[in-house]
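Below are the chains, spelled out letter by letter.
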Amino acid sequence: MARQVKRAFRYRFYPTGEQAAELARTFGCVRLVYNKALEERTRAWYAERRRMSYVQTSAALTAWKQTPELGFLGEVSSVPLQQALRHLQTAFTNFFARRAKYPRFKARKKSRESAEYTGSAFRWRDGELMLAKMSEPLAIVWSRPLPDGAEPSTVTVSRDAAGRWFCSILCIDTVTRLDPVEQAVGVAAGLSSLVTLSTGEKIANPRHERRDRERLARAQRGLARKVPGSANRDKAKARVARIHARIADRRRDFLHKLSTRLVHENQVVVIEDLNVRNLVKNHSLARAVSDAAWRQLRMMLEYKAGWYGRELVVIDRWFPSSKTCSGCGTITEKLPLYVRVWECGCGARHDRDVNAAKNVLAAGLAVSACGAGVRPQRESSRTGQSVSKQETHGVTRGLPRPRAGEEVKGGLF
Ligand SMILES: [Zn+2]
């Protein structure tokens, strides 16, 4: 069965000098408008207990453009500025719904710079993309084709810290649902690998990652030695940014392949909702859970499962997946991080990560919508706890929660 989904296609492009200048100016205005609107909303709230709406910030923007100091805002395309206000609105909505922290100011250079153009601010014709206020189409490197007859709805242009330009083109694409399969898999963050599957398979970090990280460390040491403000420091900074960008690119490719594979092979994919911050605090894990890799993987699994008619189940982060015996369900008191293989009282011998992945799978199947139709890879891998009787969001209810602090010291999960 074919379905229509929104899908973003990202390409590099090489702007002309004129385009680069126009975009840099637009990025600056986007940041200014976002920060200024955030400031106003914050003041309205703290001084008057008043919530400003998107419409009110939009009216404020119109007023800013009339002033001599901010008149230059009227020189760039108005669409990216409006989009910045919409993004701020979303940030506030998430904040009020307690899904996110209070919105923060966009720092110059620190965050990736971007501008979002919707339909009225670009023209797509004969495979050429022309942005508002520009006289030539963008020189895009079409590393893969857009879907046939694609009609882009939004174009996001950005420049990363390494100075590379990208445009991300959102359009409607057709995806075909996969035939149902019986397989299900549990995915746990490994100590010795990036990801461990309940099948026992351990998936290492992308190739070159270790060498790239060594290069990064060397470049960072080099940067630290440079005199602030010197040309050499700028060069060293650019080198660090380039290596960062390469690591991120390789990881993204890798996670795309991994998530596609997991979704193709399995009807249900179960993953842990890891508190990445806690993990990264621990040095032995810092590399394994490289930065945002886990969150990125989860996001990819989410939308790909949606596309292909699969189910993704996310397990509560306090679920003691490592410490529970996947054979008999007993929870071990202590399991320090250095313990990679352990033996349960019942005689079962466990690889720490594989055991965790098996528990994740069992807990996920207990709450999965199609759990009944899916055979776990090993029936005895169910934890023996009465998790199956609990509802979707309370997977770990009834199981002991780790004490605060224990998390970081060693008794992870
Ligand atoms: Zn046991």
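Residues numbered from 1 in each chain as written. Predicted model: local features only at pLDDT ≥ 70, side-chain atom pairs only at ≥ 80, totals over all residues.

Participant: What is the right way to look at the overall build of the protein in this model?
Facilitator: Secondary structure summary: the protein contains 10 helices and 14 strands in total. Considering the protein as a whole, with its 413 residues, one finds that 31% of them fall into the buried category. Across the protein, every contact between residues at least 6 apart in sequence was considered, and the portion connecting residues at least 24 apart equals 70%. (Helix = DSSP H or I, 4+ residues; strand = E, 2+ residues; numbered from the N terminus. Buried ≥ 20, exposed ≤ 12 C-beta atoms within 10 Å, placed from the backbone. Contact = placed C-beta atoms within 7 Å.)

Participant: Looking at this model, I keep getting lost on the sheet that holds strand 5 (residues 140–141). Mind explaining?
Facilitator: Through backbone hydrogen bonds, the strands of a sheet pair up, either in parallel or in antiparallel fashion. Spatially, 2-6-7-1-5 is the arrangement adopted by the five strands of the open sheet, whose pairing is antiparallel. Edge positions in the open sheet fall to strand 2 (113–118) and strand 5, since each of these has one partner strand only. Here strand 2 runs beside strand 6 (residues 154–159); their pairing, made up of six bridges, is antiparallel. The residue of strand 6 that forms the bridge with Ala115 is Val157. (Pairing = 2+ DSSP bridges.)

Participant: Teacher, can you tell me more about unusual backbone geometry here?
Facilitator: Note: most residues except glycine have negative phi, and most peptide bonds are trans. Positive phi, normally seen in glycine, also occurs at Arg49, with a value near 55°. Of note, Arg49 is situated in the loop between helix 1 (17–48) and helix 2 (54–66). Under the C-beta neighbour-count criterion, Arg49 is labelled exposed, with 7 such atoms within 10 Å. Here the phi dihedral of Asp126 falls at roughly 50°; this positive angle occurs in a residue that is not glycine. Residue placement: Asp126 occurs in the loop between strand 3 (122–125) and strand 4 (128–131).

Participant: Teacher, can you tell me more about the packing of helix 2 against helix 3 (residues 78–96) here?
Facilitator: Two quantities define a packed helix pair, namely the angle between the helix axes and the distance between the axes. Where helix 2 meets helix 3, the closest approach of the two axes is 10 Å, and the angle between their N-to-C directions is 150°. Helix 3 is crossed by helix 2, and the crossing has right-handed handedness. Contacts from Tyr54, Thr57, Ser58 and Leu61 in helix 2 reach Leu81, Gln82, Leu85, Arg86, Leu88 and Gln89 in helix 3. Tallied by class, the residues present in the contact of helix 2 with helix 3 amount to five nonpolar, four polar and one charged. (Axes fitted to C-alpha atoms, helices over the stretch in contact; angles between N-to-C directions. Left-handed = near helix turned anticlockwise from the far one by under 90°. Nonpolar A, V, L, I, M, F, W, Y, C, P; charged D, E, K, R; others polar.)

Participant: Even after reading the chapter, I still don't get the packing of helix 5 (residues 231–265) against helix 8 (residues 293–308), so can you show me in this structure?
Facilitator: Closest axis-to-axis distance for the helix 5/helix 8 pair is 9 Å, and the angle between their directions is 40°. It follows that helix 5 is oblique to helix 8 by the angle criterion. In this structure, the crossing between helix 5 and helix 8 has a hand that is right-handed. Two secondary-structure elements touch here, helix 5 through Arg251, Leu255, His256, Leu258, Ser259, Thr260, Leu262 and Val263 and helix 8 through Ala293, Gln296, Leu297, Met300, Leu301, Lys304, Ala305 and Tyr308. Broken down by class, the residue content of the contact of helix 5 with helix 8 amounts to 10 nonpolar, four polar and two charged. (Parallel < 35°, antiparallel > 145°, perpendicular 65-115°, else oblique.)

Participant: How do you make sense of the pairing of strand 1 (residues 2–13) when you look at a structure like this?
Facilitator: Along any regular strand the residues' side chains alternate between the sheet's two faces. Inspection of the sheet shows strand 1 paired to strand 7 (residues 165–176) by 11 bridges, in the antiparallel sense. Bridged to Lys6 within strand 7 is Ile172. Looking at chain direction, strand 1 and strand 5 are connected through two bridges and run antiparallel. Residue pairing for strand 5: Phe13 is matched across the bridge by Ile140.

Participant: Could you clarify how one ought to interpret the nonpolar core in this entry?
Facilitator: Nonpolar side chains in soluble globular proteins tend to be buried together. Judged by nonpolar contacts, the single largest core of 35 residues is most densely connected at Val187, Val269, Val270, Leu301, Ala357, Val360 and Leu361. The set of elements that each furnish at least two residues to this core consists of strand 8 (184–189), strand 9 (195–197), helix 5, strand 11 (268–272), helix 8, strand 12 (311–315) and helix 9 (352–367). Top contributing element to this core by residue count: helix 9, with nine residues. If sequence neighbours within four positions are ignored, Leu301 has contacts with Ser259, Leu262, Val263, Val269, Ile271 and Leu312. (Core = buried A, V, L, I, M, F, W, Y, C linked by C-beta atoms within 7 Å.)

Participant: Even after reading the chapter, I still don't get the pairing of strand 8, so can you show me in this structure?
Facilitator: Burial within strand 8 is extensive, with six of its six residues counted as buried. Covered by surrounding structure in strand 8 are Ala184, Gly186 and Ala188 together with Val185, Val187 and Ala189, the residues of both alternating faces. Of the strand pairs in this sheet, strand 8 and strand 11 are connected by four bridges, and their pairing is parallel. Bridging across to strand 11, Ala184 finds its partner in Val268.

Participant: For this particular structure, what's the right way to read the environment of Trp64?
Facilitator: Turning to its location among the elements, Trp64 is positioned in helix 2. Look past the residues within four positions of Trp64 in its chain and what remains in contact with it is Leu70 and Leu73.

Participant: I would appreciate a short explanation of helix 3 in the present structure.
Facilitator: Because an α-helix completes one turn every 3.6 residues, residues spaced three or four positions apart along the sequence face the same direction. Counted at 1.5 Å a residue, the expected span for helix 3 with its 19 residues is 27 Å, and the 27 Å between its end C-alpha atoms agrees. If you follow the buried residues of helix 3, they end up packed against helix 1, helix 2 and strand 2. Where helix 3 terminates, the next one or two residues include Arg98, which has phi positive at roughly 60°. (Expected span 1.5 Å × (residues − 1).)

Participant: Please explain the sheet that holds strand 10 (residues 202–203) as it appears in this structure.
Facilitator: Ordered in space as 10-9-8-11-12, the five strands form an open sheet in which the pairing is mixed. Each edge of the open sheet is held by one strand with a lone partner, namely strand 10 and strand 12. Where helix 9 meets the sheet, it contacts strand 8, strand 9, strand 10, strand 11 and strand 12, and its direction lies at approximately 130° from that of strand 8.

Participant: Can you walk me through the confidence of the model for the protein in this structure?
Facilitator: Atom-level detail of predicted coordinates should not be read off regions where pLDDT is low. Looking at the protein as a whole, the pLDDT averages 83, with 83% of positions reaching at least 70. When the criterion is pLDDT under 50, residues 372–413 qualifies, and its contacts beyond four places in sequence or with other chains add up to 73 contacts. (pLDDT = per-residue confidence, 0-100.)

Participant: Looking at this structure, I do not really get the environment of Arg352. What am I missing?
Facilitator: Residue position: Arg352 is located in helix 9. Given 24 C-beta atoms within 10 Å, Arg352 falls into the buried group. Remark: the alpha-carbon pair of Arg352 and Thr196, spanning 156 residues in sequence, is separated by 9.8 Å.

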